[in-house]
Amino acid sequence: MRVALTGATGFLGLRLVRELLCVYDSLTILAHAGSGSALGRITRFMELSGAPDALVEALPGRLHVVETDLSRPLLGLAPAEYRRLADELDVIWHSAGNINLDDDLASLRRTNVDGTRHVLELAAAGAGRPLVHHIGTAFVGGARRDGVVYEDELDDRHGFENNYERSKYEAEVLVRDWSRRHGRPVVVMRPSVLVTDMPPHPELPPHPLRFLARIVEASLPGGGSAEGEPPPEHRPVVRLAGHPLGHLNLMPVEHAAAVMVRLAGLPPSGGADVYHVVHDHDVASTVLTALVERIAPVRVRLVDSRPDDPAPLEAAVDLYPGFTPYLSHRRRFDDTRVRSLLGPLPSGIRVGLDYLVDGVAPRTASTTGAP
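I will try to describe carefully the structure that is included in this document. Note that this is a predicted model, so its numbers are computed, not measured. (Residues numbered from 1 in each chain as written. Predicted model: local features only at pLDDT ≥ 70, side-chain atom pairs only at ≥ 80, totals over all residues. Heavy atoms only, no water.)

Time to look at the pairing of strand β2 (residues 27-32). Judged by how many residues are buried, β2 sits mostly within the fold: five of six residues are covered. Judged from the three bridges that link them, strand β1 (residues 3-6) and β2 form a sheet pairing that is parallel. Bridge pairing links alanine 4 to threonine 28 in β2. In this view, the connection linking β1 to its parallel neighbour β2 by way of helix α1 (residues 13-20) has right-handed handedness. (Buried < 20%, exposed > 50% of the residue type's maximum accessible area, 1.4 Å probe, protein only. Helix = DSSP H or I, 4+ residues; strand = E, 2+ residues; numbered from the N terminus. Pairing = 2+ DSSP bridges. Right-handed = clockwise from strand over helix to strand, strands pointing away.)

What follows is the structure in structure tokens.
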């Protein structure tokens, strides 16, 4: 099987590389041109994540890197090279994407929508009929904050919480339309918020919740360092709009990649097979506010709506408005199809406060005693 993967150096993509190399002898990495050595970045991740030495040493012979630009027709390749690539593939995994919730819609569409369109064109251009695995998001469910989001649902009647959700919705519409028009199977994987307890490292992609630590660093004297921190009872109160009974699904990224590769091994139905790749428990909004309190010398209070008179740190939170609505979510992502096909999928990982702190801002003597 000749398998290509986009987004291989991203937060999820690196984990997919590791899982896919357990199944396939080799991978074609469709790396973004000019973004640096994809092989070097994958190798460094493998080293930092404790991959076996034999796997690390074999990477140069098992990974074939092709530099591409997903935003351009023919992926920015010369016609002959594009045709050769299209003819040789049996499977295409499309994991590349812009995950900046608050980016402008044009930029998000350029990567998430146009990039998807060009990957689908690649799948249709060759002599073979490669199976497309598209990494979407469970948040195509949009701005509905309660109830159940089902795997077959895809509509925009609820609107969206941010531009990222809209761009991923538009990309999945493209994938499903392409499947119907060409009579080709596609597999759509919809993960929830991906997280890890692997400590941050400058040579690795940032944790999706890393922006919480950046808010602290940008807004508090000394970046929220332990020196001079006030005692808990004297810490400033930060008001965040959210629901006290809110909850959000946070999926360990390593488990997500393993589930995705297992799903990819199932025979496709012939149409669009859509799967919610979600964790077996949600995380309360209060755990997320406790995460802020753990990494910043503040006290967080959930309020009904955005304060009209925001304090400096509250104003800093407003710099990331795409995420704060999730503190009000009380909905659930149904994954009946996944569980019926694969059985129960306990990861053995409890996503709690300490797990999240380890992945966002590793615990130190100053943080372990925080409330």
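Packing of helix α9 (residues 285-295) against helix α12 (residues 353-360) leaves a shortest axis separation of 10 Å and a crossing angle of 50°. Relative to α12, α9 is oriented oblique. The two elements α9 and α12 meet at a crossing, and its hand is right-handed. Contact with α9, carried on its side by Val287, Leu288, Ala290, Leu291, Arg294 and Ile295, involves Leu353, Asp354, Leu356, Val357 and Val360 of α12 and no other residues of that element. Taken together, the residues of the contact of α9 with α12 sort by class into nine nonpolar, no polar and two charged. (Axes fitted to C-alpha atoms, helices over the stretch in contact; angles between N-to-C directions. Parallel < 35°, antiparallel > 145°, perpendicular 65-115°, else oblique. Left-handed = near helix turned anticlockwise from the far one by under 90°. Contact = heavy atoms within 4.5 Å. Nonpolar A, V, L, I, M, F, W, Y, C, P; charged D, E, K, R; others polar.)

Under the counting rule described, the total for this entry stands at 19 salt bridges. Two residues, arginine 44 and glutamate 203, come together in a salt bridge whose shortest N-O distance is 3.0 Å. Linking arginine 44 in helix α2 (residues 38-48) with glutamate 203 in the loop between β8 (193-195) and α7 (210-219), this pair joins segments that are 159 residues apart in sequence. Among the residues examined, glutamate 203 registers a relative accessible area of 44% and is labelled partly exposed. The network of salt bridges with shared partners includes Arg44, Glu47 and Glu203. (Salt bridge = Lys/Arg side-chain N within 4 Å of Asp/Glu carboxyl O.)

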